[in-house]
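Architecture at a glance
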Amino acid sequence: MHPNVTEIDHPLMKHKLTILRNAETTTDNFRRVVREIAAMMAYEVTRDLATEMVPITTPVADCEAPVISGKKLCLIAIMRAGNGMIDGMVELLPGARVGHIGLYRDPETLEAVEYYYKVPSDIDERQVIVVDPMLATGNSASAALSRLKEDGVSSIKFVCLLAAPEGLETMAREHPDVPILTASIDSHLNEHGYIVPGLGDAGDRLFGTR
Ligand SMILES: O=P(O)(O)OC[C@H]1O[C@H](OP(=O)(O)OP(=O)(O)O)[C@H](O)[C@@H]1O
Ligand SMILES: O=c1cc[nH]c(=O)[nH]1
Ligand SMILES: [Mg+2]
């Protein structure tokens, strides 16, 4: 198992995940709840950001108060489904830059195929948070992380809604240095590489393409 995995244990998160898992949830509800969960995950994944004290004046007194310091943030969405999480995260992190990596999973081989790559030019100086709702075989996430490391990124975290044990194994083998935050570790992958019980195809459910 991966050395640094955090599974969020919170009733609000579990409740919202159940809405996503339910096959009867409509596209507009699915999209809205992904955005809400993503905001909660932004809160959780930034828990250890550095702060520094700055002098301010409240209506009552002068004081020193904390503000975020250290490396600037960059969110990276793995397209398509990762895009669904960006809006919720930037609501909490309005100063973050956003990059995109286009990857699709070949349905036969389950290998990740890259079709797009656009990230900020100073990506190597930023704290990077890669987001994708699904970690199934882990091939897509692993390819995205390898691509970012080629560009000199040294400080990376990975955030997903659902993780399969198989994907966590891939990440443990290929990226043990990258902390993973997930809303749930599910049971296993089925014969088509889908997470069980899962929520189906996240991209199709977000964008209504099936
Ligand atoms: O861990 P893996 O086995 O690589 O599977 C996970 C990937 O599959 C989904 O993307 P998909 O290929 O369906 O593309 P889409 O987001 O465009 O639908 C999902 O959003 C991940 O990127
Ligand atoms: O269950 C899965 C596996 C990969 N991609 C998805 O969207 N869902
Ligand atoms: Mg898909």
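Preceding this section is the structure that the text describes.
Quantities reported herein were computed from a predicted structural model and do not represent experimental measurements.

1. A few points about the site of ligand 1
Around ligand 1, 15 residues are found, and the nearest of them are Arg105, Asp132, Thr137, Gly138 and Ser140. At 2.9 Å from an oxygen atom of ligand 1 is found a side-chain nitrogen or oxygen belonging to arginine 80. At 2.5 Å, a side-chain N or O of threonine 137 approaches an oxygen atom of ligand 1. Computed on the free molecule, ligand 1 has an accessible area of 500 Å², of which 91% lies beneath the protein chains in the complex.

2. A short note on the site of ligand 2
Around ligand 2, the structure places Arg105, Met134, Ala136, Gly193, Tyr194, Ile195, Gly200, Asp201 and Ala202. Contact distances for ligand 2 include 2.8 Å between an oxygen atom and a backbone N or O atom of isoleucine 195. Glycine 200 places a polar main-chain atom, nitrogen or oxygen, 2.8 Å from a nitrogen atom of ligand 2. For ligand 2, whose accessible area on its own is 240 Å², the fraction buried by protein is 88%. A per-class count over the shell around ligand 2 returns 5 nonpolar, 2 polar and 2 charged.

Reading the values: the criteria
Starting from 1, residues in each chain are numbered consecutively following that chain's sequence as written. Chain labels run from A onward and ligand labels from 1 onward, assigned in the order the entries are written. Since the coordinates come from a predicted model, pLDDT governs what is reported: local features require at least 70, and pairs of side-chain atoms require 80 or more to be given and counted, while whole-chain, interface and lining totals use all residues. Excluded from the side-chain calculation are hydrogens and water; included are all heavy atoms of the structure. Consider each residue's heavy atoms; a residue with any of them within 4 Å of a molecule or strand counts as near. Two N or O atoms count as a polar contact when they lie within 3.5 Å, although within protein this holds only if one can serve as hydrogen donor and the other as acceptor, and sequence-adjacent residues are included solely when both atoms are side-chain atoms. Where accessible areas are quoted, they stem from the Shrake-Rupley method and a 1.4 Å probe; at the residue level, only the protein chains shown are allowed to cover. Residues are sorted three ways: Asp, Glu, Lys and Arg are charged, Ala, Val, Leu, Ile, Met, Phe, Trp, Tyr, Cys and Pro are nonpolar, and all the rest, Gly among them, are polar.

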